[in-house]
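Fold and contact review
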Amino acid sequence: QGARGYNLIQIAQMTLGSGDLQQAVELPSGEDLNEWLAVNVISFYNEINVLYGVLTEFCTHEACPIMSAGPKYEYLWADRDETKSLRHISAGAYICLLY
């Protein structure tokens, strides 16, 4: 399992950087779908964590007071027990609440 998992990681790393999205998500011949998905989900999670770590240096509560996707879209936070009450929170606080 260890060597096989390592091979899947190598394949995922080679294809993700290629720019060919079709090739990057294609299940390699002879590989188990669940193992391939697990390797890619873990890789995606790790990449997002690195990106978030870099962004937190610049995107403070003062510099990024809202979680947005450009000037037209703002993400509001809804607590699980109170979905009718939406809160305006900073981008950093929004991401922390997701984890």
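The rules behind the values
Within each chain, residues carry numbers counting from 1 in the order of the written sequence. With pLDDT at 70 or above as the cut-off, local features in this predicted model cover only qualifying residues; side-chain atom pairs require 80 or more to be listed or tallied, and sums for whole chains, interfaces and linings still use all residues. Side-chain numbers here rest on the full set of heavy atoms in the structure, without hydrogens or water. Segments assigned H or I by DSSP are reported as helices when at least four residues long, segments assigned E as strands when at least two residues long, and all are numbered from the N terminus. Only protein chains enter the accessibility calculation, which uses a 1.4 Å probe. A residue is then buried if its area is under 20% of the maximum for its type, exposed if over 50%, and partly exposed in between. Throughout, a contact is declared for two residues whenever any of their heavy atoms are within 4.5 Å. Reported accessibility uses the Shrake-Rupley method at a 1.4 Å probe radius. Residues are deemed covered only where the shown protein chains occlude them. Two cysteine sulfur atoms form a disulfide, by the criterion used here, when they sit within 2.5 Å. Multiplying one less than the number of residues by 1.5 Å gives the expected span of a helix. Any pair of nitrogen or oxygen atoms within 3.5 Å is treated as a polar contact; in protein, a donor-acceptor pairing is required on top of that, and neighbouring residues in sequence qualify only through side-chain atoms on both sides. The nonpolar core is taken to be a set of buried Ala, Val, Leu, Ile, Met, Phe, Trp, Tyr and Cys residues, with the residues joined through side-chain atoms within 4.5 Å. To obtain the arc, one takes the directions from the helix axis to the C-beta atoms.

1. Comments concerning the overall build of the protein
When helices and strands are tallied, the protein shows 4 helices and 4 strands. In the protein, the order of α-helices and β-strands from amino to carboxyl end is α-α-α-β-β-β-β-α. Buried positions account for 20% of the 99 residues belonging to the protein. Taking all contacts inside the protein whose residues are at least 6 apart in sequence as the whole, residues at least 24 apart take part in 47%. Taken as a whole, the protein presents about 7,800 Å² of accessible surface, with 60% of it coming from carbon and sulfur.

2. Digging into the state of the cysteines
One pass over the structure, following the stated rule, counts 1 disulfide. Each sulfur in the disulfide pair Cys 59 and Cys 64 lies 2.0 Å from the other. Take Cys 59: its relative accessible area is 23%, and that puts it in the partly exposed class.

3. Structural notes on helix 3 (residues 33-58)
For helix 3, which comprises 26 residues, the first-to-last C-alpha distance of 38 Å matches the rise-based estimate of 38 Å (1.5 Å per residue) to within 8%. Residues of helix 3 that are buried include every one of Trp 36, Val 39, Asn 40 and Ser 43, and no others. With a side-chain oxygen lying 3.2 Å from the backbone nitrogen of Asn 34, the N-terminal cap of helix 3 falls on Asp 32.

4. Quick notes on the nonpolar core
Of all hydrophobic cores here, the largest spans 7 residues; its members are Cys 64, Met 67, Trp 77, Ile 89, Ala 91, Tyr 94 and Ile 95. Looking at this core, the element that brings in the most residues is helix 4 (residues 91-98), giving 3 residues. For Ala 91, the residues in contact, after removing those within four places along its chain, are Cys 59, Cys 64, Pro 65, Ile 66 and Met 67.

5. Regarding helix 4
Where helix 4 is concerned, the buried positions are Ala 91, Gly 92, Tyr 94 and Ile 95. The buried residues of helix 4 occupy an angular sector of 160° when projected down its axis, which confines them to one face. Against helix 3, strand 1 (67-68), strand 2 (74-75) and strand 3 (77-79) lie the buried residues of helix 4.

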